[in-house]
Structures are given as structure tokens and as C-alpha cells.
Amino acid sequence: MPELPEVEVVRRGLAPRTVGRRIQDLEVLDARIIRRQVGGEDRLRAALVGSTLTAVARRGKFLWWRLADPDGADTGEALMGHLGMSGQLRLATADGIAVTPGADSEGPASDPLRHRRLSLHLEDGTRVDLIDQRLFGGLWTSPLVPAADGALAGVGSPDALLPEGASHIARDLLDPAADLPSIARALRARRAAIKTLLLNQEIVSGIGNIYADEALWEARTRFDTPGAALSQRRALAILRAAGEVMERALEVGGTSFDALYVNVDGRSGYFARSLSAYGRTGEPCPRCGGPIRREVHMNRSSHFCPRCQRGTAPSAPDAPAISPRPR
DNA sequence: TCGGACCTGACT
DNA sequence: AGTCAGGTCCGA
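The structure displayed is predicted, hence computed values, not measured ones. (Residues numbered from 1 in each chain as written. Chains lettered and ligands numbered in written order. Predicted model: local features only at pLDDT ≥ 70, side-chain atom pairs only at ≥ 80, totals over all residues.)

**Focus: the UniProt feature "domain: FPG-type" (unreviewed entry) in chain A**
In step 1: In this structure's numbering, the residues bearing the UniProt feature "domain: FPG-type" (unreviewed entry) are residues 276–310.
In step 2: For residues 276–310, helix accounts for 0% and strand for 29%, while the C-alpha atoms at its two ends are 16 Å apart. (UniProt positions renumbered as here; feature names shortened; annotations may be inferred. Helix = DSSP H or I, 4+ residues; strand = E, 2+ residues; numbered from the N terminus.)

See below:
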């Protein structure tokens, strides 16, 4: 389940081996993977074949390549991708063997390539495979528009141009242009539960269920605390915790569960074992030793420590966001 | 603002 | 046979 660190690992892996290369051919093995492409496979093929990939950028979990036409001019469109729940982008040589030794593709039953949905064939023989068991991911083109704040559109972007398909997505916590104090204020302007707000990609992007639980555990805050009940300080602490957890995951190459996710060369990450709350129902809280509890919130599991993660108890040391009227 | 749809495979 | 997992989008 790729979240932000995994997508950034993929972006970094793709950049040196795809940028500057021309697309020779497109292979669509399952049309559902390009369901978001306006004009279908014909349009996608026309936009890609003969074009050169000039940059790989990312905002939240949306990845995109910039494209240049055969004359070297920017086409004004990006090739966007999203990995959904189970997507992988992997590089292979023309004979279909993953470039990195140790990539686990054993027998046919466990061969991840059976879920290959689309491939880009580059002029040097490199193949970019989009593998996606559950088909929540996709690849499609989108016209470039200016980023609202005028800063670089995302991590890896050469300028402020952003694919329209990602223009509703907020900046993420690995983006140097993210403005934490203003994100914190946006969280506090809403009455919804803080976890709901952290998962809202239009407020802050790149946080999924796993890192939301981890950030709230780090910041000792219950998932159902209303955004409006947070102090600026507490809201900032939650954002900092989320950023730090994701940076730590990035350092070890991304989180890995159930071997569905592998990085761009087919290797799994090793971060899962260092999660504190997510998926640890019944296990002792690493901070206070009490049992981690699981509750369903918004049709998603929330893992938290009822003993050391607080809501808005009157004894909370942080000042409430909306200060009580003095009397 | 919330629930369902989209998907598949692993698990009970 | 039924349940669960989860990111994003859409519609009630």
C-alpha cells in the first residue's frame, strides 16, 4: 500500500533511468488502468509515442512525468500516474527481467508480473511496467496549469506548472514549499475529526491511514479530536510528527506490508516493523505499555493508545484553540 | 459530510 | 460464503 514515502522512493528510482529517454511504444494490457485517460488508448498513444520524458515530479501520491515533443519543446501535458492501493512502477530490461538482482519473481503463482497492466517501452530498451493487482491505480495525461502559490509545483518539478489532474491536491509534508503554520490553521478551522482532516488530500496531501495513525500516536492525540479543538501548537506538533514519520520511512526505503509493495527495482522496504500503533491491536503501546486499541472510524481502522493519546480533556496541557471566555 | 463504488486476494 | 484491506472519486 504505497503511501507518500513509497511514492517518493519510486520517483527517485525512476528519475535517473527514465528522464531524457524517448518513448518508443505503449502497451496497454488492461484498459481499466487507463480509465482516467480522456480519449482512451488512442489519445494516450498519440501523446506518448515519440515524446521524451523530461522530469519526474510528485505532489502527494500523484506522480507525473513532463513530456517534450520530438523537437524538444514542452508538450504542455504531463503523463500522470497514481499507484492506488497496490500499484508498483518497475523498471525492466527488454527481456522482462527486473534490473535489480534479488527482485522476487519466483514461480508463476507468486509472479507479480501477472498483474502487469501497462508498459512504456523506452528507446534504450528499458521497460517501465505498471503492475497493479487491484487496479485502483492508473496512468493518464493531463494538461499543465500554474500552481496556485507560484512555487515549484511539486518535488522534482522544474517549474510551477502542475497537471490539472493534481491541481486540487494540497502540498505534502515532504515538499519544501509546504507551509506548515497555514496547514495547521486549516486543520483548526474545521470541526471534523483530526484524522478525517489528515486524510483529506485537499488540506495536506500524502497522508494515508497508516501514517495518520502513526502521526496521531506520536503527537499523543486521539483520532476523533475535532480539528477546532486543537491549539496551533498541537496542530503543528501533529504535522511535524507526520512529516518525521514519513521521512524516517523514506530513509529506509518505504514501508512494506504483505509484499504487495516493492520499490522501483522490486525490493521491499523495511519500515513496517517500526510502526508504533498501526496494525498493533492488542500489543503494548511502545510509550506507556497499555494495549493498543482498534476502532472503526469513517469505515477505516484507527489504531491508538487509549491511555496516552488524548482528546480534549480539560487537563490537557495545551491551550484550547478556541479559548474559553475569560470570566 | 458521509457512505458506497471501484478492485482482488487473503483470511476466517 | 462472507469479511477485510485501503486511496480516491462521486453522488446522496
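**Brief notes about the sheet that holds strand 4 (residues 74–82)**
In step 1: Sheet architecture is open: five strands sit in the order 2-3-4-8-9, paired in antiparallel fashion. In this open sheet, the two edge strands, each paired with only one partner strand, are strand 2 (52–59) and strand 9 (161–163). Strand after strand, the sheet turns through a mean of 35° between neighbouring axes, direction not considered.
In step 2: Relative to strand 4, strand 3 (residues 62–68) runs antiparallel, the two being bridged by six bridges. Considered in strand 4, the bridge of Arg 66 is made with Ala 78.
In step 3: With respect to the sheet, helix 1 (residues 4–18) is in contact with strand 2 and strand 3, its orientation differing from that of strand 2 by roughly 165°. (Pairing = 2+ DSSP bridges. Axes fitted to C-alpha atoms, helices over the stretch in contact; angles between N-to-C directions. Contact = placed C-beta atoms within 7 Å.)

**A look at the protein's contact with DNA strand C**
In step 1: Near DNA strand C lie 14 residues; those nearest to it are Lys 61, Met 85, Gly 208, Asn 209 and Ser 301.
In step 2: Here the surface near DNA strand C is built from residues that sort into three nonpolar, seven polar and four charged. (Near = placed C-beta within 6 Å. Nonpolar A, V, L, I, M, F, W, Y, C, P; charged D, E, K, R; others polar.)

**Focus on helix 1**
In step 1: Compared with the 21 Å implied by 1.5 Å per residue over 15 residues, the 20 Å span of helix 1 between its first and last C-alpha is a close match.
In step 2: Across the 15 residues of helix 1, 11 count as buried, placing the element largely inside the fold.
In step 3: Along helix 1, the residues classified as buried are Leu 4, Pro 5, Glu 6, Val 7, Glu 8, Val 9, Val 10, Arg 11, Gly 13, Leu 14 and Thr 18.
In step 4: Residues of helix 1 that are buried make contact with strand 2, strand 3, strand 5 (87–92), strand 6 (116–122), strand 7 (127–132) and helix 6 (232–251).
In step 5: Among the residues trailing helix 1, Gly 20 stands out with phi positive, at a value near 90°. (Expected span 1.5 Å × (residues − 1). Buried ≥ 20, exposed ≤ 12 C-beta atoms within 10 Å, placed from the backbone.)

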